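For reference, the chains in residue letters:
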Amino acid sequence: MDFMNRVASELKEMLTVFPPLSLPEGLEAARQAPAFPIEKSENVTITTRTIPGGDGQDMKVKIYEPVSRNAEKLPALLFIHGGGYVLGDADGSDGDCQLFAEQAHCVVVSVDYRLAPEHPYPAPLEDCYAALVWMTNAAEELKIDVSRVAVAGQSAGGGLTAALSLLARDRKGPAISFQMPLYPMIDDRNVTPSSYEITDERAIWNRGNNLAGWRMYLGEHANGEISPYAAPARAKNLSNLPPTFTCVGQLDPFRDETLEYVAKLAQAGVAVEFHLYPGAYHGFELLNPTSEIGKQARNEYVQALKKALQPQQESVSI
């Protein structure tokens, strides 16, 4: 069936105005494209810091705190932006990070990790791990409760979230109490039915872009043995990972790798909540935040984070 005929009616218009992305040739143009304006929340304070990255060089992080906070230690969220491992920056996630800080009443640290192809795996993941270590080591300064530390991200940020949870477990690093890899980019093999199904150039992210994104991310590793820290779908052991919330659109090329990941988590005894959105393509809730399905998806994952970080409080829909 034609891709556009399957898209939910309230999500179709954005596909007619959003310029199609074609990687790798369109990478530089996409990086130079103007960012969507993001409204500053009066309820959240944003500061920018420089910390050591995975290579020891300076790396930017953005810190979001509720204006209403007091001396009490708050839970913390490490947020990892998306962009196929090759696009995006921390500034583009201001809207999400403000929402998380305000609704889940937590401190959010958003990491501006290095991008492929200039910095292929493991550079982006090591930057995220460095940010996690810095955040927990700075707990007194940031006034955060290290027993309530979550990690979240969308798309490639979701892939890095899943990879970071594995890496922190195996390195016996900072304890992660909850992970939220949203429609995560976790399987470089591109052999699932949905990876073959979603080929339309209007689909925001499709098979062609995914193949190119993985080649750029894996770099010299692409033709060798792929680590599960690069592609978490390859992980054999998902036991002892943190409780998980994830979701994906039915028209997302990551649909089936997400479904398989959810099943493997459940089989490994990890508490996992999952939502599948019919008629929804990759990143639908970010591009259509005022649509009913977009509001539903964002509300569900914001409330999942709030429940995980503030279990004593009753969740209220946003």
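Below, the structure is looked at part by part. Since the structure is predicted, the reported quantities are computational estimates derived from the model, not experimental observations.

A few words on the packing of helix 4 (residues 94-103) against helix 12 (residues 292-309). One way to put it is that helix 4 packs onto helix 12 with a least axis distance of 9 Å and a crossing angle of 45°. It follows that helix 4 is oblique to helix 12 by the angle criterion. When the axes of helix 4 and helix 12 are compared, the crossing they make is right-handed. Contacts between helix 4 and helix 12 involve D96, L99, F100 and Q103 from the first element and R298, Y301, V302, Q303, L305 and K306 from the second.

Remark: helix 5 (residues 123-137) packs on helix 7 (residues 156-170), axes separated minimally by 10 Å, with the N-to-C direction vectors making an angle of 65°. Viewed along their axes, helix 5 and helix 7 form a crossing whose handedness is right-handed. On the side of helix 5, the interface is formed by P124, L125, C128, Y129 and L132, while helix 7 contributes L160, A163, L164, L167 and A168. A per-class count over the contact of helix 5 with helix 7 returns 10 nonpolar, no polar and no charged.

Mapped onto the secondary structure, A71 falls in the loop between strand 2 (58-66) and strand 3 (74-80). Owing to a relative accessible area of 66%, A71 belongs among the exposed residues under this scheme. C-alpha separation for the pair A71 and L11, spaced 60 residues apart in sequence, amounts to 43 Å.

Here is what the cut-offs are and how they apply
- Here the residue numbering is sequential within each chain, running from 1 through the sequence in written order.
- Reporting of local features is limited, given that this is a predicted model, to residues whose pLDDT is at least 70; pairs of side-chain atoms are given and counted only at 80 or more, and all residues count toward the totals for whole chains, interfaces and linings.
- Hydrogens and water are ignored here; the side-chain numbers use all heavy atoms of the structure.
- Between N-to-C directions, angles span 0 to 180 degrees; the directions come from axes that are lines fitted to C-alpha atoms, helices contributing only their stretch in contact.
- The way it works is that DSSP assigns letters per residue, a run of H or I at least four long becomes a helix, a run of E at least two long becomes a strand, and they are numbered from the N terminus.
- Each angle gets one of four labels, with under 35 degrees taken as roughly parallel, over 145 as roughly antiparallel, 65 to 115 as roughly perpendicular, and the rest as oblique.
- In this scheme, a crossing is called left-handed if the near helix is turned counterclockwise away from the far one by less than a right angle; it is called right-handed if the turn is clockwise.
- Contact definition: two residues touch when any of their heavy atoms are within 4.5 Å.
- In this classification, the charged set is Asp, Glu, Lys and Arg, the nonpolar set is Ala, Val, Leu, Ile, Met, Phe, Trp, Tyr, Cys and Pro, and all remaining amino acids, among them Gly, are polar.
- Think of it in three bands: residues with accessible area under 20% of the maximum for their type are buried, residues over 50% are exposed, and the middle band is partly exposed, with areas taken using a 1.4 Å probe on protein chains only.

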